[in-house]
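Overview (structure and organization)
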Amino acid sequence: MNIATALKSEISRVARKEVRAEVSALKKASSKYRSEIAELKRRLAQLERDVAQANKGTRKAAPKAAEEGGETVARYSAKNLASLRKKLDLSAADFGKLLGVSGASIYLWEEGKTRPREKNMPAIARARQLTKKTAREQLAMLG
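Residues numbered from 1 in each chain as written. Predicted model: local features only at pLDDT ≥ 70, side-chain atom pairs only at ≥ 80, totals over all residues. Heavy atoms only, no water.

1. Section: unusual backbone geometry
In terms of backbone geometry, most residues other than glycine have negative phi values and most peptide bonds are trans. The phi dihedral of D89 falls on the positive side, at around 60 degrees, and the residue is not glycine. With respect to the helices, strands and loops of the structure, D89 is situated in the loop between helix 2 (78-87) and helix 3 (92-99). (Helix = DSSP H or I, 4+ residues; strand = E, 2+ residues; numbered from the N terminus.)

2. Describing the packing of helix 2 against helix 5 (residues 121-128)
The N-to-C vectors of helix 2 and helix 5 enclose an angle of 50 degrees; their axes lie 10 Å apart at closest approach. Taken together, the axis directions place helix 2 and helix 5 in an arrangement best described as oblique. Remark: the crossing between helix 2 and helix 5 carries left-handed chirality. Contact residues: L81, L84 and K87 in helix 2; I124, A127 and R128 in helix 5. Looking at the contact of helix 2 with helix 5 residue by residue, the class counts come to four nonpolar, no polar and two charged. (Axes fitted to C-alpha atoms, helices over the stretch in contact; angles between N-to-C directions. Parallel < 35°, antiparallel > 145°, perpendicular 65-115°, else oblique. Left-handed = near helix turned anticlockwise from the far one by under 90°. Contact = heavy atoms within 4.5 Å. Nonpolar A, V, L, I, M, F, W, Y, C, P; charged D, E, K, R; others polar.)

3. Focus: the nonpolar core
Grouped together as the largest cluster of nonpolar side chains are 19 residues, with contacts concentrated most on L88, L90, F95, L98, L99 and W109. Contributions of two or more residues to this core are made by helix 2, helix 3, helix 4 (103-111), helix 5 and helix 6 (132-142). In terms of residue count, the dominant contributor to this core is helix 5 (four residues). Non-local contacts of W109, meaning those with residues more than four positions away in its chain, are made with Y76, A78, L81, L99, V101, T114, R115, P116, N120 and I124. (Core = buried A, V, L, I, M, F, W, Y, C linked by side-chain atoms within 4.5 Å. Buried < 20%, exposed > 50% of the residue type's maximum accessible area, 1.4 Å probe, protein only.)

4. Some words on the pattern of salt bridges
In the structure shown here, the tally under the stated rule is four salt bridges. The partner of R13 in a salt bridge is E10, and the shortest N-O contact between them spans 2.6 Å. Placement of the pair is R13 and E10 together in helix 1 (residues 3-69), with a separation of three residues, close to one helical turn. The class for R13 is partly exposed, based on a relative accessible area of 41%. Residues R85 and E110 are paired through a salt bridge, measuring 2.6 Å at the closest nitrogen-oxygen approach. You can see R85 sitting in helix 2 and its partner E110 sitting in helix 4, a full 25 residues away along the chain. Looking at E110, the relative accessible area reads 15%, which means it is buried. (Salt bridge = Lys/Arg side-chain N within 4 Å of Asp/Glu carboxyl O.)

5. Notes on the environment of S91
For S91, the position within the fold is in the loop between helix 2 and helix 3. Among the residues examined, S91 registers a relative accessible area of 35% and is labelled partly exposed. Through-space distance from the C-alpha of S91 to that of Y107 is 9.9 Å; in sequence the pair is 16 residues apart. At a separation of 3.1 Å, a polar atom in the side chain of S91 contacts the main-chain amide nitrogen of D94. (Polar contact = N/O pair within 3.5 Å; in protein donor to acceptor, adjacent residues only side chain to side chain.)

None of the figures reported here should be taken as evidence of function without further support.
What follows is the structure, given as structure tokens:
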């Protein structure tokens, strides 16, 4: 055996040893990550079951309450409220006066930072039926 062959085999042995050490560390990390992912999936599935269980009773109860009162449920959307105000060509303060709230409340509702109270929902529903002209007339009557 000459020196070149011996040197080549020694370099190969050392390289395999280094690669084995690196691969071993990666295998351990991969195994750890897989077990963490599996645990997170189990937790997510349990949370989804909990949410579904919690929603079972609440979703059915809300529409029945509205039907019993004979009232229709007024829906609210921040984007739709803003477009309604723009359609009526009113400032937030004027629109608030029309609904019986402050202009700041209208701004917060349109930004989605707060929601109207239940007592304000009928006024919003009535405002949907207004035209520019009738809205101006009602504002004039309010002073």
